[in-house]
Amino acid sequence: MPVSIVGAGPGDVGLLTIKAKQRLERCDVLIYDRLVPRQILALAPATAHKIYVGKNPDGLATPQDRINELLVEHGSTGCSVVRLKGGDPFVFGRGAEEAQALKAAGIDFELVPGISSAFAAPAYAGIPVTHRSISPMVTIVTGHRFVSAPGVDWAALGAHGGTLVVLMGVRQLGSITGGLIRGGMGPDTPVAAVMWATRSEQSVLRWSLGELHQRLGPTGSGGDVGVTSPAVIVIGPVVDEATPWFEHRPLFGLKIAMPRPAGGETALADGLRQLGADVLDQGVTRIVPLPLPSFPDIAARYHTGGEEPIGRAVDWIAFTSSRGVSAFVDGALTSHGLDARALHGHRIAAIGETTARSLGRFGLLPDVVAPTPTGTSLAEALIAETDQGATIWLPRAERGSPEIVQLLTDADRDVRAIACYATRPVPVSEWPRSLTEPDQLDALILTAGSTARSLAGGWDELFGRRPSEVITPDVRVIALGTSTSQGAHAAGFHVDAIADRPDVDALLEAICTADS
Ligand code: SAH
C-alpha cells in the first residue's frame, strides 16, 4: 500500500478533500504536524498509531531527517500510512523531501493535494487574490529566512505588481514591508493579515503598507502590531476589494459542543458549522444494537398470549428515529433472513421526513408521517388514524422517552415498545479534550437524556463534580426537545433553552434565546 502524503487543508474540516478523508479513515499509522485540527485527526480510527512530529512546547520540531526515517520505517511494513500536513504538502510543506526519501527507499507513495492557506486565508477574508481589472497575477512567497536557500528579493517583488501572498511572514514583517517600499511599491497599497484562517478564531487586520511599515520599523515583527502566527499576509490592491463573509455569519466564533452517539448523524453539526460555529461533535455515548426475535415471532408471541385477537384491527408500527428503523430492520428482519415482506399487513408511521427517508431505503413507504418531528405530533397523528384498542408497535431505544407511550396509552391505544438498541457511555479515556476541559465552551447542545447522563457520569469520574459545577452559568446549555431537557435536569444540568425541533433553525433560535 503506498504511503499517502496528504494535505489537511487550512483548518476548516469541510475543506478536507474526499480523498484525504478516505485515506484518514482507513489508516493504521498517522504521522501529523502542528496546525492540523483535532477534528481532522479524529477521522482516523481510534486504533491508529498517531505520531506527532510538529513543534514541541520548547519550540523544537522533530528534525526532517527523523520524519523521513519514520515514514520509511512505517511505509516498509505494508500497513496503511498517512503523512498529514497542513494546507497543501507541496506549498512550503517539505512534502517534496518526504516524497524523495520514500522514493529513494523504494517505497511507493501518492500525493493528495490539500487546499493551501495561501488561497483559503484570502478567500475566507473575502479577498480575491486575482481580479480581472485590478490584479492579473498572484505571487506566493515565504517570509521565513532559510539559511540554506536563496533569500527573497523583496525590493524586486515590490516592483513586480500584482498580489503578494506571504506565508510565515510574521517574524520578519518589518523587513518585508521595508523591502517592498524600497522596490517602489506604493505606500498606499493595502495590506491584510489573516490569522487562524478558516477557524472559529479567524481574525483579520488591515493597514496601508506605509502605515504598517511606520509602525513596525525596519526590524519589527508582526507581534508589534497584533499579528500572531499562523497568519497569511495579503498585499496588493485586491485587499480593497474584500467582501467579508466568514465573520459575519450568525454563530461565528462560538465554540459549541454537541456530543452525539459515535457514528451518529452529522447533519445538525454540519448545519451549525455553516452558520459559523466551531462544533465539536464527537461521541460520549455509543449505540449497541440489541438482539431481537424475528418480527413475526414478536407479533405472534404477543397475540397468542391471548391479550388481543389477531386481525381485529390492523397493527401499526411507528418509527421514532432513523436509528430505530435500521436497528429494527437489522434485528427483527435481516438477521432472521427476512425482508420487508414480513411486515405485510401492518401500517407504518414515521416521526418525520428523515425517518421516512430511512424507511424508504428499505423499500418501506410510511402510511403516515407526523407533520412535525416530535413524539407529541406522532402520537396525535396515530390517534387520528387508529381506533381505540389499536395495537401500535414502537421499535426504538431501550430507554426511550415515556411521553409518546403515555399519550397513546391515555387515548386507549395498546402500545408495545420494542427495545431495538441501547445507548452506552464511552469511557472517559476516549472522550475528546473539549469535554474533559469544558471551560472553553460557549454552548453545549444536549440531543438526548442519555448524553446528559453519560456526561454527568464522566465528569463525576474525572473531577468528582456535578454538571452544574463543571458547566458554568455562562455556558449556554440547549436541550433538543422537552424530554431531553427533563433528562438533562435530572442529570444535574441547567438548561437555558429548548430547541423544539431537531433542525438547525430551531437550534439557532434556541442559542440566540439563551444569549439574551
Ligand atoms: N503547507 C501549508 C503551509 C505551511 S507553512 C499550506 O499550504 O497552507 C505554515 C504557514 O502557513 C504559517 O506560518 C501561515 O503563514 C500559513 N498558515 C497555515 N495555516 C494557516 C491558517 N489557518 N491561517 C493563517 N495562516 C495559515
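Model, not experiment: these values are computed from the prediction.

Conventions we followed
Residues numbered from 1 in each chain as written. Predicted model: local features only at pLDDT ≥ 70, side-chain atom pairs only at ≥ 80, totals over all residues. Heavy atoms only, no water. Salt bridge = Lys/Arg side-chain N within 4 Å of Asp/Glu carboxyl O. Helix = DSSP H or I, 4+ residues; strand = E, 2+ residues; numbered from the N terminus. Buried < 20%, exposed > 50% of the residue type's maximum accessible area, 1.4 Å probe, protein only. Axes fitted to C-alpha atoms, helices over the stretch in contact; angles between N-to-C directions. Parallel < 35°, antiparallel > 145°, perpendicular 65-115°, else oblique. Left-handed = near helix turned anticlockwise from the far one by under 90°. Contact = heavy atoms within 4.5 Å. Nonpolar A, V, L, I, M, F, W, Y, C, P; charged D, E, K, R; others polar. Arc of directions from axis to C-beta. Phe/Tyr/Trp six-rings, centres within 6.5 Å; stacked < 30°, edge-to-face > 60°. Lys NZ or Arg CZ within 6 Å of the ring centre and 35° of its normal. Polar contact = N/O pair within 3.5 Å; in protein donor to acceptor, adjacent residues only side chain to side chain. Pairing = 2+ DSSP bridges.

Before we move on, could you go through the pattern of salt bridges and cite the residues and values that matter?
Summed over the entire model, instances satisfying the criterion amount to 18 salt bridges. A salt bridge links Glu98 to Arg83; its shortest N-O distance comes to 2.8 Å. With a gap of 15 residues between them, Glu98 in helix α4 (residues 95-104) and Arg83 in strand β4 (residues 81-85) connect regions that are remote in the sequence. The class for Arg83 is buried, based on a relative accessible area of 1%. In this structure, Glu430 engages Arg286 in a salt bridge whose closest nitrogen and oxygen atoms are separated by 3.1 Å. Separated by 144 residues along the polypeptide, Glu430 in the loop between β18 (414-425) and α15 (433-436) and Arg286 in strand β13 (residues 285-289) bring together distant segments of the chain. Several salt bridges converge on common partners, so that one network encompasses Asp33, Arg83, Lys85 and Glu98.

Hey, could you go over the packing of helix α13 (residues 375-385) against helix α14 (residues 402-410) for me, with residue numbers and the actual values?
Two elements in contact, α13 and α14, have axes whose closest approach is 9 Å; the angle formed by their N-to-C orientations is 25°. Considered as vectors, α13 and α14 are oriented roughly parallel to each other. In the packing of α13 onto α14, the handedness of the crossing is right-handed. Contacts between α13 and α14 involve Gly375, Thr376, Leu378, Ala379, Leu382 and Ile383 from the first element and Glu403, Ile404, Leu407 and Leu408 from the second. Residues that form the contact of α13 with α14 fall into these classes: seven nonpolar, two polar and one charged.

So, helix α9 (residues 267-274): which residues are in play, and what are the values?
Along α9, the residues classified as buried are Leu268, Ala269, Gly271 and Leu272. Axial view of α9: buried residues confined to an arc of 160°, hence all on one face. In the core, the buried residues of α9 are packed alongside β12 (278-280), β19 (443-446), β20 (476-480) and α19 (504-515). Where α9 ends, the next residue or the one after it, Gly276, has phi of about 105°, a positive value.

Before we move on, could you go through the packing of α9 against α19 and cite the residues and values that matter?
As a packed pair, α9 and α19 sit with axes 9 Å apart at the nearest point and diverge in direction by 60°. With respect to their mutual orientation, α9 and α19 come out oblique. Judged by the sense of rotation from one axis to the other, the crossing of α9 with α19 is right-handed. Where α9 abuts α19, its residues Leu268, Gly271 and Leu272 lie against Val504, Leu507 and Ile511. Here the contact of α9 with α19 is built from residues that sort into five nonpolar, one polar and no charged.

Please give an account of the packing of aromatic side chains that cites residues and values.
Summed over the entire model, instances satisfying the criterion amount to nine aromatic pairs. Ring pairs connect the aromatic residues Tyr124, Trp245, Phe246 and Phe252, which therefore count as one cluster. One residue, Arg465, lies across the ring of Phe463, its end atom 5.4 Å from the ring centre.

An account of the side chain of Ser135 is needed here, citing residue identities and associated values.
Inspection of the secondary structure assignment puts Ser135 in the loop between α5 (117-124) and β6 (138-142). The exposure class assigned to Ser135 is buried, which follows from its relative accessible area of 1%. At 3.0 Å, the side chain of Ser135 forms a polar contact with the backbone oxygen of Met137. Not counting residues up to four positions away in its chain, the partners in contact with Ser135 are Val129, Thr130, Gly162, Thr163 and Val238.

I'd love a proper account of the sheet that holds strand β11 (residues 255-257), names of residues and values included.
Ordered by their spatial adjacency, five strands build an open sheet running β12-β11-β19-β20-β21, and the pairing between neighbours is parallel. In this open sheet, the two strands that pair with only one neighbour each are β12 and β21 (497-499). Strand-to-strand twist of the sheet, defined as the mean angle between neighbouring strand axes without regard to direction, takes the value 25°. Two strands pair when backbone bridges link them, and β19 and β20 are joined in this way by four bridges, in the parallel orientation. Looking at β20, one finds that Ala443 is bridged to Arg476. Along the sheet, helix α18 (residues 482-490) contacts β19, β20 and β21; its crossing angle with β20, the most-contacted strand, is approximately 130°.

Report on the pairing of strand β8 (residues 190-195), specifying residues and quantitative values.
The buried count for β8 comes to six of six residues, which makes it a mostly enclosed element. Residues Pro190, Ala192 and Val194 line one face of β8 and the alternating positions Val191, Ala193 and Met195 line the opposite face, and both faces are buried. In the sheet, β8 pairs with strand β9 (residues 203-208) via six bridges, with the strands oriented antiparallel. Opposite Pro190, over in β9, you have Ser208 as the bridge partner. Strand direction decides the pairing type here: β8 and strand β10 (residues 231-235), joined by five bridges, are antiparallel. Along β10, the bridge assignment pairs Met195 with Ala231.

Function-wise, these values are silent; they only describe arrangement.
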